[in-house]
Amino acid sequence: MNGKKGSFEINIPPEATKSKLPGTSKEGSIGAFSSCKAWIWSVWEFAKEDSNRVKFALKVGLAVLLVSLLILFRAPYDIFGTNIIWSILTVAIMFEYTVGATFNRGFNRALGSLLAGVLAIAVAQLAIQSGRVAEPIVIGISIFLIGSITSFMKLWPSLVPYEYGFRVILFTYCLIIVSGYRMGNPITTAMDRLYSIAIGGFVAVLVNVFVFPIWAGEQLHKELVNSFNSVADSLEECVKKYLEDEGLDHPEFSKTVMDEFPDEPNYRRCKSTLNSSAKLESLANSAKWEPPHGKFGHFFYPWSEYVKVGAVLRYCAYEVMALHGVLHSEIQAPHNLRFTFYSEIQEAATHAAELVRSLGKDISNMKRSPKTLLLKKVHSATERLQRAIDMHSYLLTSNFDPPDNSSKPLTKLPVTFSTTQYDLSNPLTEFDSNSTENNLSQINENMPSGTPPQQTESYHEMMRKQSRRLHSWPSREVDAFEEEGGLSMDFLPRMKALESTAALSLANFTSLLIEFVARLDHLVEAVDELSKMAKFNHEGV
């Protein structure tokens, strides 16, 4: 207190005040530096991922600089005046990532500007002849009509690719007709702006074609080849994890919903293939505007066939994504049952992935090679898988009847089949009182002398709990069983039904794999049609 009643004095050290000020602490400066470093690193990684992004940015800067020189230097500025700014606007709007897209945008820009200039000159002459009073009325009505017609026409389905052209007609007409009305000479204004637009378009096309050109056709070709490799790699990755998975480490349900599988990089690549339809169509439409170049050296190259092949490949990718869904499903087939058909599933998946990868390689090298041998291998492996599933289909149900040997002899099962048959035919031996006593006596005999009985009981209890969790779906703790009154009479049939459902998960996986192989025939036909229309070289030529 300072001696006065009801007043207090608080002394704050100057060091404390300084430490509370934002931005003065050393930790804050270090954090800002680290965040800036992280941002720079992310930009570097983004540019390193695709060097064409840097090339595109530099080309845009070069094109804008070239048209800006027309304003910076006095001589061209005296000729065109302020209308030369339209050159900069044209470059900024017209310059696209690929050469084909730039040609497409340039065509719409040129045609739209030309039509808008002609209409503006015609309407301006009509307005001038109407008199000073009627002139603004005529101009206003024409603006309304042009805006309504162009906005309606660009919604017409067959005219959607030329939507930008109708937009150019609208704003070019409005700017020319209004500025010409105020400046008093609409013809001169229209001609100067058309010259400026032509200069900007010429510079944009020139820079985009001759300075590190980025061709839409090459991008489409590369994208399709990568899609083939993604589907093949994802198929092999999924089958490998399914056959090796022992159910010990499953991701949480939230991660499954969000598709967060860091140990499956090819899964995301295959998923991106499903979303590549719009990208392939856009690249194909842009590639149609490009002149012959590089290895695409003839006119009327069948770019639309790339889109058709991509559509067939996406149907194959759907099956691969469905296989991943079975891999990450809540209900899983026992590991020993999956291992029973290990060789058949692995062989079919390997040959199918090899065929898909070979098709992508043929498109990449632009060569035609016969796929009869690879198709026979795939079909033979798939038929062996089908026969194995058909012959031992009783393994996919918990309650199966022994096959009738009177009609035809049953092929002798290998060791893995016999083991699985025994395990699946006696899934509930732990719950049988006699088998429990026998197992307990065997455990006691195998236990070393002097082992306390409490450990034996705890081991038996642990096995009992583990078995209850295994045959329950959704998975529940043992306390939930205890609260329900232990094992009721209707619980055992329910467990057997759940076990049968888990075994049928394997049948679902194999059926999806067989469906994937069935769709490969259509994929081979689509690639063969593309190779014929694109005039691919025969292998060895």
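So, how was this worked out
Residues numbered from 1 in each chain as written. Predicted model: local features only at pLDDT ≥ 70, side-chain atom pairs only at ≥ 80, totals over all residues. Heavy atoms only, no water. Phe/Tyr/Trp six-rings, centres within 6.5 Å; stacked < 30°, edge-to-face > 60°. Buried < 20%, exposed > 50% of the residue type's maximum accessible area, 1.4 Å probe, protein only. Lys NZ or Arg CZ within 6 Å of the ring centre and 35° of its normal. Helix = DSSP H or I, 4+ residues; strand = E, 2+ residues; numbered from the N terminus. Arc of directions from axis to C-beta. Contact = heavy atoms within 4.5 Å. Core = buried A, V, L, I, M, F, W, Y, C linked by side-chain atoms within 4.5 Å. UniProt positions renumbered as here; feature names shortened; annotations may be inferred. Salt bridge = Lys/Arg side-chain N within 4 Å of Asp/Glu carboxyl O. Disulfide = S-S within 2.5 Å. Patch = residues over 30% accessible without salt bridge, like charges linked within 9 Å, V, L, I, M, F, W, Y side chains within 5 Å. Areas by Shrake-Rupley, 256 points an atom, 1.4 Å probe, with all protein chains shown as cover. Axes fitted to C-alpha atoms, helices over the stretch in contact; angles between N-to-C directions. Parallel < 35°, antiparallel > 145°, perpendicular 65-115°, else oblique. Left-handed = near helix turned anticlockwise from the far one by under 90°.

**A few points about the packing of aromatic side chains**
Item 1. Considering all chains together, one arrives at 12 aromatic pairs under this definition.
Item 2. An angle of 80° between the planes, with centres 5.2 Å apart, marks the rings of Phe296 and Tyr301 as edge-to-face.
Item 3. You can call Phe296 buried: its relative accessible area is 2%.
Item 4. For Tyr301, a relative accessible area of 8% corresponds to the buried category.
Item 5. Through a chain of ring-to-ring contacts, three or more aromatic side chains come together here, namely Phe296, Tyr301, Trp303 and Tyr306.
Item 6. Its end group placed over the ring of Tyr242, Arg338 keeps NZ or CZ at 4.8 Å from the ring centre.

**A closer look at helix 12 (residues 265–274)**
Item 1. Buried within helix 12 we find Asn266, Tyr267, Cys270, Thr273 and Leu274. Buried positions in helix 12, seen along its axis, are confined to an arc of 115° and lie on one side of it.
Item 2. Where the residues of helix 12 are buried, they touch helix 10 (216–244) and helix 14 (303–327).

**Some points on the environment of Asn266**
Item 1. Mapped onto the elements, Asn266 comes out in helix 12.
Item 2. Taking the C-alpha atoms as reference, Asn266 lies 9.0 Å from Cys238; in sequence the two are 28 residues apart.
Item 3. Dropping the residues within four chain positions of it, Asn266 is found in contact with Ser230, Asp233, Ser234 and Glu237.

**Looking at the nonpolar core**
Item 1. Ranked by size, the top nonpolar core spans 70 residues in total, and within it Phe228, Leu235, Tyr306, Ile345, Ile363, Phe516 and Leu520 carry the most contacts.
Item 2. Elements with a contribution of two residues or more to this core: helix 10, helix 12, helix 13 (277–287), helix 14, helix 16 (342–365), helix 17 (372–391) and helix 22 (491–533).
Item 3. With 13 residues, helix 22 is the largest single contributor of residues to this core.
Item 4. If we ignore the near neighbours within four places in the chain, the residues touching Ile363 are His221, Leu224, Val225, Phe228, Tyr306, Val309, Val527, Leu530 and Phe536.
Item 5. By size, the runner-up hydrophobic cluster in this structure holds 12 residues, among which are Ala124, Tyr173, Ile176 and Ile177.

**Things to note about the UniProt feature "transmembrane region" (unreviewed entry) in the protein**
Item 1. According to UniProt, the positions carrying the feature "transmembrane region" (unreviewed entry) are residues 56–77, 83–103, 110–128, 164–182 and 194–216.
Item 2. Between the C-alpha atoms that bound residues 83–103 there is a distance of 23 Å. The span itself is 71% helix and 0% strand.

**Let's talk about unusual backbone geometry**
Item 1. The phi torsion at Phe300 lies on the positive side, around 55°, for a residue other than glycine.
Item 2. One can find Phe300 in the loop between helix 13 and helix 14.
Item 3. Even without being a glycine, Lys535 presents a positive backbone phi close to 60°.
Item 4. By the element assignment, Lys535 lies in the loop between helix 22 and strand 2 (537–538).
Item 5. Of the residues examined, Lys535 reaches a relative accessible area of 62% and is grouped as exposed.

**Things to note about the pattern of salt bridges**
Item 1. For the structure on display, the rule yields 15 salt bridges.
Item 2. Ionic pairing is found between Glu135 and Arg132, a salt bridge with its closest N-O pair at 3.3 Å.
Item 3. Overall, Glu135 belongs to the buried group, its relative accessible area being 7%.
Item 4. Salt bridges sharing partners connect three or more residues here, namely Lys154, Glu163 and Arg167.

**Topic: the state of the cysteines**
Item 1. This model, assessed by the stated rule, comprises 0 disulfides.
Item 2. The thiol of Cys316 is unpaired, and the distance to the nearest cysteine sulfur, on Cys270, comes to 9.9 Å.

**What to know about a nonpolar patch on the surface**
Item 1. Taken together, the side chains of Phe107, Leu111, Leu115, Tyr162 and Trp289 define a hydrophobic patch exposed on the protein surface, amounting to about 430 Å² of accessible area.
Item 2. Position of Tyr162 relative to the elements: it lies in the loop between helix 7 (135–153) and helix 8 (163–183).
Item 3. We classify Tyr162 as partly exposed; its relative accessible area is 35%.

**So, the packing of helix 12 against helix 14**
Item 1. For the pair helix 12 and helix 14, the least separation of the axes is 9 Å and the interaxial angle reads 140°. By the criterion of interaxial angle, the relationship of helix 12 to helix 14 is oblique. Classified by chirality, the crossing of helix 14 by helix 12 is left-handed. Across the interface between the two elements, Tyr267, Cys270, Lys271, Thr273 and Leu274 from helix 12 touch Arg314, Ala317, Tyr318, Val320, Met321 and His324 from helix 14.

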